[in-house]
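Chain and residue survey
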Amino acid sequence: MAGHGARGRSGGRPTLEEVAARAGVGRGTVSRVINGSPRVSDATRAAVEAAVAELGYVPNTAARALAANRTDAIALVVPEPETRFFAEPYFSDMLKGVGAELSETEMQLLLIFAGSDRERRRLAQYLAAHRVDGVLLVSVHADDPLPDMLSQLEIPAVISGPRSAAESLASVDSDNYGGARSAVEHLISRGRRRIAHITGRLDVYGAQRRVDGYRAALRDAGHEEDEQLIERGDFTEEGGRRAMAELLRRRPDLDAVFAGSDVTAAGARQVLREAGRRIPDDVALVGYDDSAIARHMEPPLTSVRQPIEEMGRAMIDLLLAEIADRRPAASRGLDRHQVVLATELVERASS
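Residues numbered from 1 in each chain as written. Predicted model: local features only at pLDDT ≥ 70, side-chain atom pairs only at ≥ 80, totals over all residues. Heavy atoms only, no water.

Quick word on empty space enclosed by the protein
Taking a probe equal in size to a water molecule and rolling it over the atoms shows the remaining empty space. Applying the stated criterion to the full structure yields two cavities of 30 Å³ or more. By volume, the largest cavity is sized at about 340 Å³. Lining the largest cavity are 24 residues, with Tyr90, Ser139, Val204, Arg210 and Phe235 positioned closest to its centre. Those elements that provide at least two residues to the lining of the largest cavity are α5 (89-102) and α9 (205-220). For the lining of the largest cavity, the leading source of residues is α9, giving four residues. (1 Å grid on protein atoms, 1.4 Å probe; cavity = no way out; pocket = protein on both sides within 12 Å on 5 of 7 lines; lining within 4 Å. Points joined across faces, edges and corners; volume = space filled by probe spheres on them. Helix = DSSP H or I, 4+ residues; strand = E, 2+ residues; numbered from the N terminus.)

Remarks on the sheet that holds strand β8 (residues 256-259)
As summarised here, the arrangement of the six strands in space is β7-β6-β8-β9-β10-β12, forming an open sheet in which the pairing is mixed. Each edge of the sheet is formed by a strand with only one pairing partner; in this case those strands are β7 (230-231) and β12 (344-346). Along the sheet, helix α8 (residues 176-189) contacts β6 (195-198), β8, β9 (284-289), β10 (302-305) and β12; its crossing angle with β9, the most-contacted strand, is approximately 165 degrees. (Pairing = 2+ DSSP bridges. Contact = heavy atoms within 4.5 Å. Axes fitted to C-alpha atoms, helices over the stretch in contact; angles between N-to-C directions.)

Quick notes on the pattern of salt bridges
Scanning all chains against the criterion turns up 33 salt bridges. In this structure, Arg201 engages Asp203 in a salt bridge whose closest nitrogen and oxygen atoms are separated by 2.9 Å. One salt bridge in this structure joins Arg251 and Asp226, with 2.1 Å as the shortest N-O distance. Here Asp226 lies in the loop between α9 and β7 and Arg251 lies in the loop between α10 (237-250) and β8, a separation of 25 residues in the sequence. (Salt bridge = Lys/Arg side-chain N within 4 Å of Asp/Glu carboxyl O.)

Side note on the environment of Glu246
Looking at where Glu246 falls in the secondary structure, it is placed in helix α10. The exposure class assigned to Glu246 is partly exposed, which follows from its relative accessible area of 23%. Each C-alpha atom of the pair Glu246 and Ile308 lies 30 Å from the other, and the pair is 62 residues apart in sequence. (Buried < 20%, exposed > 50% of the residue type's maximum accessible area, 1.4 Å probe, protein only.)

Concerning the packing of α5 against helix α13 (residues 308-325)
Direction vectors running N to C along α5 and α13 enclose 45 degrees, while the axes themselves pass 7 Å from each other. Overall, the two elements α5 and α13 adopt an arrangement that is oblique. The chirality of how α5 crosses α13 is right-handed. Contact residues: α5 offers Tyr90, Asp93, Met94, Lys96, Gly97, Val98, Ala100, Glu101 and Leu102, while α13 offers Ile308, Glu309, Met311, Gly312, Arg313, Met315, Ile316 and Asp317. Of the residues in the contact of α5 with α13, the class split is nine nonpolar, two polar and six charged. (Parallel < 35°, antiparallel > 145°, perpendicular 65-115°, else oblique. Left-handed = near helix turned anticlockwise from the far one by under 90°. Nonpolar A, V, L, I, M, F, W, Y, C, P; charged D, E, K, R; others polar.)

Overview of the packing of aromatic side chains
Remark: the centre distance and the inter-plane angle together describe each pair of aromatic rings, the angle taken between the planes. Scanning all chains against the criterion turns up six aromatic pairs. The interplanar angle of 35 degrees and the centroid separation of 5.4 Å between the aromatic rings of Phe85 and Phe91 together place this pair among those described as tilted. Across the pair, exposure class does not vary: Phe85 and Phe91 are buried alike. Centroid distance Phe85 to Phe113: 5.2 Å. Interplanar angle 80 degrees. Geometry classified as edge-to-face. Residue Phe85 is located in helix α4 (residues 82-87), and its partner Phe113 is located in strand β2 (residues 108-113); the two are separated by 28 residues in the primary sequence. (Phe/Tyr/Trp six-rings, centres within 6.5 Å; stacked < 30°, edge-to-face > 60°.)

Notes on the nonpolar core
In globular proteins that are soluble, nonpolar side chains generally tend to be buried together. Membership of the largest hydrophobic core comes to 37 residues, with the highest contact counts inside it found for Val184, Ile195, Tyr214, Met244, Leu254, Val257 and Phe258. Going through the elements one at a time, α8, β6, α9, α10, β8, α11 (262-274) and β9 are the ones with two or more residues in this core. Listed in part, the 25 residues of the second largest apolar core include Leu102, Val158, Met311 and Leu318. (Core = buried A, V, L, I, M, F, W, Y, C linked by side-chain atoms within 4.5 Å.)

Now the structure itself:
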């Protein structure tokens, strides 16, 4: 029978993971119980509390009763210009999910932009002073120094999408590979044979995975991969216009376009119409995100739905668990958490 101060399997103080395993729940659920969130069923709460009692678990510096060094604040850091944040639905949907989940706690949310070198320097000073308990990092590029800085400062952090397959920080992402595959398979099933792809920014791992999914769908259907049908974009409307114009110049015979985002698809649509191409009669068009833009386009846009709000909620769950444990994911080796949520193709009149 476990008494007070019971030792965990590791021989030290019982960990959050051991409480989760004993209760048969995830770390995020244990964190919500510890933080007093009402978003937990009575049965689950009882199971977690029983596991806490059996193991003699005492949350370390994150425990509310012992939190002298807590700020009760979380920073949502966006390493992009403010103009992009307010122009793209992805960010507002992410913020909505984060805010909804955090509203169940006593934590405050700070929105910080770090799109310029000056803003990054100011952010580094702010975080080094440990003015927040944890950081959510959204829209991370492969060469972004912020994740490594957070690891060095030992600040709990979760990023929206890994930088690579070897990501060391906790992350939440959608199935970019599977989503892209489903988009291209849909176009192939509609008889399209010359399917172009306007990518997102290729220094973003999620955009790379969408290219991989696009290529795999073509290969599996016995279609030849044609590099002339792939044009780099940047997730923006203007990028979609530029890429679409270049694709029409190179391959005027294309009969379908898979765009890296709905905003990009909106730019591509404008160029296609200016070129006299009817959608979907001449060129089928599919986007990515299933944002409000997709529903309001004419014709309405077929799009891959990312559960962006759910991603925001999952990021908060992971971050609260990181804060409760106080050990950055990078320091736990195989204990890192990479959450991948399913995508869904929403078919509309554009394809």
